[in-house]
Amino acid sequence: ITAHRIARSSWFQGERQFALWLQSRASELCGVDIHPCATISAAVMCDHATGIVIGETAVVGYGVTMLHNVTLGATGKEKGDRHPKIGQYVLLGANVSILGNISIGSGAKIGAGSVVLR
C-alpha cells in the first residue's frame, strides 16, 4: 500500500515513468499489482496480500479488508471508468474477482472464490 501511495503521488506529479517502475517493482517483490491511478482509502488491510490486482479506475473504500488473490478488474468490454468501486468496511474473501464498473455497497461481505459481474 505504501509503494502504491508513493507511485500515485508521483503519477499525478507527472512522474509517470517512475510511478510505473515503482508499481512494477512492488508487483515483482510482493506479488501485488496496483495501478498508480487506483484510489485506495485509509485503513485498508491486505491480509496475505499475494496475488492482489487492482485496476486503474478502481476505488477501494475506507476500512476494506482483502484476502489473497483478490482482483478488482475490468471486463475488457468497457472504456474509460471500467473498474469496480468498493464501499466502506467491505470484506473481500480469498480468490474473489470483481469485474467491471460496478459498485459494492458498504459493509458487504463477498465470499471466497466468488466472481462478481453485476
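Further up the page is the structure itself.
Residues numbered from 1 in each chain as written. Predicted model: local features only at pLDDT ≥ 70, side-chain atom pairs only at ≥ 80, totals over all residues. Heavy atoms only, no water.

*Asks:* Can you lay out the pattern of salt bridges for me, pointing to particular residues and giving the numbers?
*Replies:* Using the criterion set out here, one finds three salt bridges in the structure. In this structure, R25 engages E28 in a salt bridge whose closest nitrogen and oxygen atoms are separated by 3.0 Å. Taken together, the residues R25 and E28, both in helix 2 (residues 16-30) and three residues apart, mark about one turn of the helix. Relative accessible area serves as the criterion here: at 30%, R25 is assigned to the partly exposed category. Residue E56 is joined to R82 by a salt bridge in which the shortest nitrogen-to-oxygen separation is 2.8 Å. Here R82 lies in the loop between strand 7 (71-73) and strand 8 (85-86) and E56 lies in the loop between strand 4 (53-54) and strand 5 (59-60), a separation of 26 residues in the sequence. (Salt bridge = Lys/Arg side-chain N within 4 Å of Asp/Glu carboxyl O. Helix = DSSP H or I, 4+ residues; strand = E, 2+ residues; numbered from the N terminus. Buried < 20%, exposed > 50% of the residue type's maximum accessible area, 1.4 Å probe, protein only.)

*Asks:* Just give me the short version of the environment of N95, but keep the residues and values in it.
*Replies:* Assignment of secondary structure puts N95 in the loop between strand 9 (91-92) and strand 10 (97-99). For N95, a relative accessible area of 40% translates into the label partly exposed. A sequence separation of 24 residues divides N95 from T71, and the C-alpha atoms of the two residues are 7.7 Å apart. Residues contacting N95, with those up to four places away along its chain left out, are H68, N69, G113 and S114. (Contact = heavy atoms within 4.5 Å.)

*Asks:* Break down unusual backbone geometry for me, citing the residues and quoting the values.
*Replies:* Although it is not a glycine, Y89 sits at a positive phi angle of roughly 55 degrees. By secondary structure assignment, the location of Y89 is in the loop between strand 8 and strand 9. The residue N95 is not glycine, and still its phi comes out positive at about 60 degrees.

*Asks:* Explain helix 1 (residues 2-12) residue by residue, including any values.
*Replies:* Those residues of helix 1 lying buried are H4, A7, S10 and W11. Around the axis of helix 1, the buried residues are gathered within 130 degrees of arc, so they sit on the same side. The exposed residues of helix 1 that point more than 90 degrees off its buried face are T2 and F12. For helix 1, the elements touching its buried residues are helix 2, strand 1 (33-34) and strand 2 (39-40). Positive phi shows up at G14, right after helix 1, with a value of about 90 degrees. (Arc of directions from axis to C-beta.)

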